[in-house]
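# Observations on the three-dimensional arrangement
Chain by chain, the residues run as shown.
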Amino acid sequence: MDAGGLPLELWRMILAYLHLPDLGRCSLVCRAWYELILSLDSTRWRQLCLGCIECRHPNWPNQPDVEPASWREAFRQHYLASKTWAKNALDLESSVCFSLFRRRRERRTLSVGPGHEFDSLGSALAMASLYDRIVLFPGVYEEQGEIILKVPVEIVGHGKLGEVALLASIDQHCSTTRLCNLVFMPAWFSPFMFKTTSGHVQFDNCNFENGHIQVHGPGTCQVKFCTFKNTHVFLHNVPLCVLENCEFVGSENNSVTVEGHPSADKNWAYKYLLGLIRSSPSVLPTENADSLMSLDLESRDQAWSPRTCDIVIEGSQSPTSPTSSSPKPGSKAGSQEAEVGSDGERVAQTPDSSDGGLSPSGEDEDEDQLMYRLSYQVQGPRPVLGGSFLGPPLPGASIQLPSCLVLNSLQQELQKDKEAMALASSVQGCLIRKCLFRDGKGGVFVCSYGRAKMEGNIFRNLTYAVRCIHNSKIVMLRNDIHRCRASGIFLRLEGGGLIAGNNIYHNAEAGVDIRKKSNPLILCNQIHHGLRSGIVVLGNGKGVIRSNQIFSNKEAGIYILYHGNPIVSGNHIFKGRAAGIAVNENGKGLITENVIRENQWGGVDIRRGGLPVLRSNLICFGYSDGVVVGDDGRGLIEGNTIYANKGCGVWMMSSSLPHVTSNHVSYNGLYGVAMFSQKDGSGELPGGHGAQENFSEDGDAILWETELEKDDDPLHRPVTVALVESNSINHNGASGLYVQSSEALHIITNVIHANGDRGITVAQSSQLTRVANNSISCNRQSGVKVEAQCKVELRGNGIYDNRGHGVITKGDSTIVIENDIIGNRGSGLQLLPRSDTKVIKNRIHSFRAYGIAVRGRTKALVQENIIFQGKTNKTIFQQVSNNRECIMKNNKFLVFKKKSDTWRLVNPPARPHLENSIRGPSVAHSGQKATAMATRITARVEGGYHSNRSIFCTIL
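Every chain is numbered independently, its residues counted from 1 as its sequence is written. Given that this is a predicted model, residues contribute local features only at a pLDDT of at least 70 and side-chain atom pairs are listed and counted only at 80 or more, while totals for whole chains, interfaces and linings are drawn from all residues. Note that water and hydrogens are dropped before the side-chain values are worked out from all heavy atoms of the structure.

### As for the nonpolar core
Note the threshold: What we call a nonpolar core is a set of buried Ala, Val, Leu, Ile, Met, Phe, Trp, Tyr and Cys residues that are connected through their side-chain atoms within 4.5 Å. Working definition: with a 1.4 Å probe on protein chains only, accessible area under 20% of the residue-type maximum means buried, over 50% means exposed, and in between means partly exposed. Only DSSP runs of H or I covering at least 4 residues are called helices, and only runs of E covering at least 2 are called strands; the numbering of each starts at the N terminus. Segment limits for the domains were obtained from an automatic or database-derived domain assignment. Working rule for contacts: check all heavy atoms of both residues, and any pair within 4.5 Å makes them a contact.
Residues Ile134, Phe184, Leu235, Val256, Phe459, Val512 and Ile535 are the most contacted members of the largest nonpolar core, which totals 127 residues. Looking at this core element by element, the count peaks at five residues for strand E28 (residues 458–468). Three or more residues apiece are contributed to this core by two domains, here domain 2 (108–169 + 177–184) and domain 3 (723–894). Beyond its immediate stretch of four places on either side in the chain, Ile134 contacts Leu110, Val112, Leu121, Ala124, Leu125, Ala128, Glu154, Ile155 and Val156. Counting residues in hydrophobic clusters, the runner-up holds 13 residues, among them Leu15, Ile37, Cys49 and Phe75.

### Section: the confidence of the model for the protein
Rules: Values of pLDDT, the confidence the predictor places in each residue, fall between 0 and 100.
Summarising the model, the protein shows a mean pLDDT of 79, and 75% of its residues fall at 70 or more. Note that residues 346–372 has pLDDT below 50 and, in this model, 80 contacts with residues that lie over four places away or in other chains. This model gives residues 916–956 a pLDDT under 50, and the stretch forms 149 contacts once residues within four places in sequence are excluded.

### Side note on the pairing of strand E19 (residues 254–259)
Counted only if it meets this: DSSP bridges decide pairing: two strands pair if at least two such bridges lie between them.
With five of six residues buried, E19 lies mostly within the body of the structure. One ladder, built from four bridges, connects strand E16 (residues 232–236) with E19; its direction is parallel. Bridge pairing in E19 links His236 to Glu259. In terms of strand pairing, E19 meets strand E26 (residues 436–447) through five bridges, oriented parallel.

### Looking at the pattern of salt bridges
Note the following rule: What counts as a salt bridge is simple: a side-chain nitrogen of Lys or Arg found within 4 Å of a carboxyl oxygen of Asp or Glu.
Under the definition given, this model contains 30 salt bridges. For Asp417, the salt bridge identified is with Arg546, shortest N-O distance 2.8 Å. With a gap of 129 residues between them, Asp417 in the loop between helix H11 (410–416) and helix H12 (418–425) and Arg546 in strand E38 (residues 544–546) connect regions that are remote in the sequence. An identical accessibility class is assigned to Asp417 and Arg546; each is buried.

### Some thoughts on the packing of aromatic side chains
Just so we agree on the cut-off: Only the six-membered ring of Trp is used, alongside the rings of Phe and Tyr, when aromatic pairs are assigned; centres must lie within 6.5 Å, and planes under 30 degrees apart are stacked while those over 60 apart are edge-to-face, with the rest tilted.
For the structure shown, the criterion picks out 17 aromatic pairs. Each residue in the set Phe184, Phe194, Phe203, Phe208, Phe228, Phe248, Phe437 and Phe459 is aromatic and connected to the rest through ring pairs, giving one cluster.

### What to know about unusual backbone geometry
Cis geometry is adopted by the peptide bond preceding Pro218, which originates at Gly217 and carries an omega value of 5 degrees. Of the consecutive residues Asn907 and Pro908, the connecting peptide bond is found in the cis state with omega at 0 degrees. Considering the arrangement of structural elements, one finds Pro908 in the loop between strand E79 (902–904) and strand E80 (937–938). Although it is not a glycine, Tyr562 adopts a positive phi angle of roughly 50 degrees.

What follows is the structure in structure tokens.
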């Protein structure tokens, strides 16, 4: 086309009148004409696509208002698909040896209707030959007997869809057939409108009402642009069937049932269907395709994206700010003297330093008041997850997540998981894509080793969307599942497959329900705003739950119970109205590297035989406690960052024998770690709670206990004592560690630093609480306080620079042996009346008070200690006169001689000696069996941080 020709716009106007064959011929003229034909996409190609009676809008029924990327490509795909049924004719002709010497037979067109060649479909079929076309003109055609298709034919309705109705029962015995532009209704004698056992059938732009369609393998089917009203499609052992752009409405049972393993025998159409599927546009994600669907969320979540690596802090102050920064009313500004509080406990009034990491000898203290220097090193909090979690949470600030906690996109997950990629790329059994299932009972039911793949569908207002049972496998990619009256996706009896990139929300039960040894792979879904839990795993269910966004659900984001044992990793679970993850009724699971934030109850809640491994998670900004280990909860809590929760960092019952190790617990509003022994259900229950949890398929209670299998792991060895070891517990609003327990407890090799109250408070301990090899420093009050009638052993600890006493005790059996109690603002060790204490081989010093102070009648043995002198106006040791029960033996008192004296803690070096500590077992074992139905988690608010229950987190 030369420059002197007609303008391009005029050419486009002329070419817009051409028919399809003429457009094809013009595109072969030259390159310029080819590009000109392509430029007619939004005009002529759109007209051809929408004007074809065999198809509808390319994005019908889900997005009929959205333009396709290319009208020409959409028309091309439909044109190729419409010819699939007749490709068998080419195979037959090529197989005839002398086909070159035979005249090719032309296809006939047979007309049926009043005033036409035939009056009924049956009479036309009796006269039809191979691949003839039968046209039904407008009218209602009711066949009184079953129609048997013996030769391949094409049956097409003339006019608009709905003008030709066919009441018949058709049984296909031929190799292929096509039906187009018809309304099917069942005949009076059979509910089956169409069935085939070996051939291929193609439906285009048809309506089916109140009947059944049945395809048995090795038969195949291809269905496009069809509407099914209260119609059941039954596919049995099919090697491959394709349902595209269809609408399923008002089903009284399942809309589509896929039963049986795909047949090994395949008919002629299998390879053509497979090629057609592979040539059509895929819904597999690209990097740019991963975006969060627009949701009506709070402003903070509107900016949430699947690849987010930031957390924005809301609120006016950090959880610990009220107790950690302002001096008490009435105290003198800048006063550095400690004052005596209740029970003789000394509380310093000096403002906090930035992190409390320096000894008092480095603070703003008059050189005349410090007569010597004592050299030692305080062990502060250990780095974890980068610097964002070492400082206090600042309102409006953004916290950068480390790379291990950044949410992966679906493309990234598929690239690193070859098994998931193979599942996503596989095509076997039934392929359902771009369909709409609405306003009925069930969507897709896959059973008895069936295989089904669902892509880009919408399931809404159903009882359930997809059910997969009996060793069946499903692949679900980028579907939209919402407002189901039960669970969205339900798997049981060893069902499995891949559930990836779906948007699952506003369902009445769980978004995904996994039971009875089912083991799916759940990747990169958005599961949110459910009226119950996001994902439920129970009854020996398994599964891999990875890189999902689970948020704003009414109950737990992930609920594991009745021997459920999934792998939960890399998920972001946030803004739930209950716990982030709940493990109950002998549930297990490996829960690792998740971000669990801003949930109303505990970030992770473990109760009633729950035995998970909770490792390397970020649990932050919760409105209650970070981790709750309730009645008979067990498990390993290891390597987690528990940060800025409004309640406790870890709240647990010592009777549950938890193992809490290597966690970073900081900036929580109440205790860092709180240990209680009182049962949750012993108090009063708020009204309106206590209803049992319901995990039945359709609302009926099921007693799972009779179906459970014993799954004892010989690698799990029993834990006989609650253990808190190797944790960093710092900058929490109340005591770093609070104990009110009647069971034994070991507190070993922890760093307890700069908390808003005491380092360790033992309020009740009828059995021995062993505190060994801990660094307890820079806390706002005493390092350790032991209340009356408590049994405590302090051994090998370094207790430094606390703003109250180093150790204060009125326990009836306290052993303080081989500790360094140095640089505390109050007395190094204060023994209160009626206490019974053994103080042996310690190094003790206080800058402003006594090394050891004995108040009232106290039974004590003070033996072989090294006690350093502090101020010149204080003695090293103070006790009430005539206290014969206080025995002093072989102690060494060091008194200063001049200001330049420097004493060092050597032989042994400053405690604790963490390199010599022996770690306990890293796993826990639960031997109890669930004997009750799971109950709803019910919120409970307790005032103050001296409550013996977890706030917001009581299971009724």
